[in-house]
Amino acid sequence: MSDVNERLDSLRGLIQSREFLEGKGLSNEVNIRIFCYDPKDEMAVRHFTEKLVTDQSLSCHLIEYNLYKVFLSICDDKRITERIPSQEEKKGKQFILDQMIRMANNVAFIGKMQYEPHKLGDVVLITGVGEAFPFIRVHSLLDAMQPHFSDIPILVMYPGTFDGRYVKLFDKLKPNPYYRAFNVV
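Rules behind the numbers
Residues numbered from 1 in each chain as written. Predicted model: local features only at pLDDT ≥ 70, side-chain atom pairs only at ≥ 80, totals over all residues. Heavy atoms only, no water. Axes fitted to C-alpha atoms, helices over the stretch in contact; angles between N-to-C directions. Helix = DSSP H or I, 4+ residues; strand = E, 2+ residues; numbered from the N terminus. Parallel < 35°, antiparallel > 145°, perpendicular 65-115°, else oblique. Left-handed = near helix turned anticlockwise from the far one by under 90°. Contact = heavy atoms within 4.5 Å. Nonpolar A, V, L, I, M, F, W, Y, C, P; charged D, E, K, R; others polar. Core = buried A, V, L, I, M, F, W, Y, C linked by side-chain atoms within 4.5 Å. Buried < 20%, exposed > 50% of the residue type's maximum accessible area, 1.4 Å probe, protein only. Arc of directions from axis to C-beta. Polar contact = N/O pair within 3.5 Å; in protein donor to acceptor, adjacent residues only side chain to side chain. Salt bridge = Lys/Arg side-chain N within 4 Å of Asp/Glu carboxyl O.

Peer 1: Quick question: what am I supposed to make of the packing of helix α7 (residues 106-113) against helix α9 (residues 138-145) here?
Peer 2: Where α7 contacts α9, the axes come no closer than 10 Å and their chain directions differ by 60°. One way to sum up the angle between α7 and α9 is to call them oblique. You can see that α7 and α9 cross each other, and the crossing is right-handed. In this structure, α7 contributes Asn106, Phe109, Ile110 and Met113 to the contact, and α9 contributes Ser140, Leu141, Ala144 and Met145. Class assignment for the residues of the contact of α7 with α9 results in six nonpolar, two polar and no charged.

Structure, rendered in structure tokens:
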């Protein structure tokens, strides 16, 4: 079942299953799942998630957080979005990257994503992982999210690979350790 469309169809069924929603079969681990895909399939995955998020027939409630949109929202809140290009021209890319990483950290992202109360059937869907790179790294964000979202599943759409120990964005970057998640489909 290597075809991404077949895998996405299987994922649609999986996220509605009781086992997925309740985190059954995870040996008391946190309910974080990663759907890895070849980065060349990005547009197919985006199309699927757009349709999935608006599908009223699902027996779960998807709450999508596109990390790039969350990042832009953080920049808007700080009123710096419009100034970034001129600052980059004046002070360079590395300066901007350092400032963005400091300002748009895990705490800021979680502040934008956190909501209460969580309900049975909620699924946090993380998209935009590749778009938000290098400002936020998903392995670090997932670690920080665990205490805030421990009672509902988190599903990450990941353009790269996860071997159960390391995530490797775009299948090209240096692998980063992350062992708490499970591959799906």
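Peer 1: Where do I start with the nonpolar core in this structure?
Peer 2: As a rule of thumb, nonpolar side chains are buried together in soluble globular proteins. Ranked by internal contacts, the top residues of the largest apolar core, which has 40 residues, are Phe109, Ile126 and Met145. In terms of residue count, helix α4 (residues 67-77) provides more of this core than any other element does, five residues in total. Counting 19 residues, the second largest nonpolar core, distinct from the first, contains Leu21, Phe35, Leu52 and Cys60.

Peer 1: Help me understand α4, please; the structure alone is not making it clear to me.
Peer 2: In an α-helix, one turn spans 3.6 residues; hence positions three or four apart end up facing the same way. Taken residue by residue, α4 has Leu67, Val70, Phe71, Ile74 and Cys75 as its buried positions. Projected onto a plane normal to the axis of α4, the buried residues spread over an arc of 140° and lie on a single side. The N-capping residue of α4, defined by a side-chain oxygen 2.9 Å from the backbone nitrogen of Tyr68, is Asn66. Arg79 lies just past α4 and shows a positive phi near 60°.

Peer 1: Help me understand the pattern of salt bridges, please; the structure alone is not making it clear to me.
Peer 2: Opposite charge on two side chains makes pairing possible when the charged atoms of those side chains draw close. Per the stated rule, a full pass over the model turns up six salt bridges. A salt bridge links Asp55 to Arg12; the nearest nitrogen and oxygen atoms lie 2.2 Å apart. Of this pair, Asp55 sits in the loop between α3 (42-53) and β2 (61-66) while Arg12 is found in helix α1 (residues 4-14), placing the two residues 43 residues apart along the sequence. Looking at Asp55, the relative accessible area reads 22%, which means it is partly exposed. By relative accessible area, Arg12 is classed as partly exposed at 27%. A salt bridge links Asp77 to Lys112, with the shortest nitrogen-to-oxygen separation between them at 2.4 Å. Linking Asp77 in helix α4 with Lys112 in helix α7, this pair joins segments that are 35 residues apart in sequence. Judged by its relative accessible area of 32%, Lys112 is partly exposed. Through salt bridges with shared partners, one network takes in Glu42, Arg46 and Glu131.

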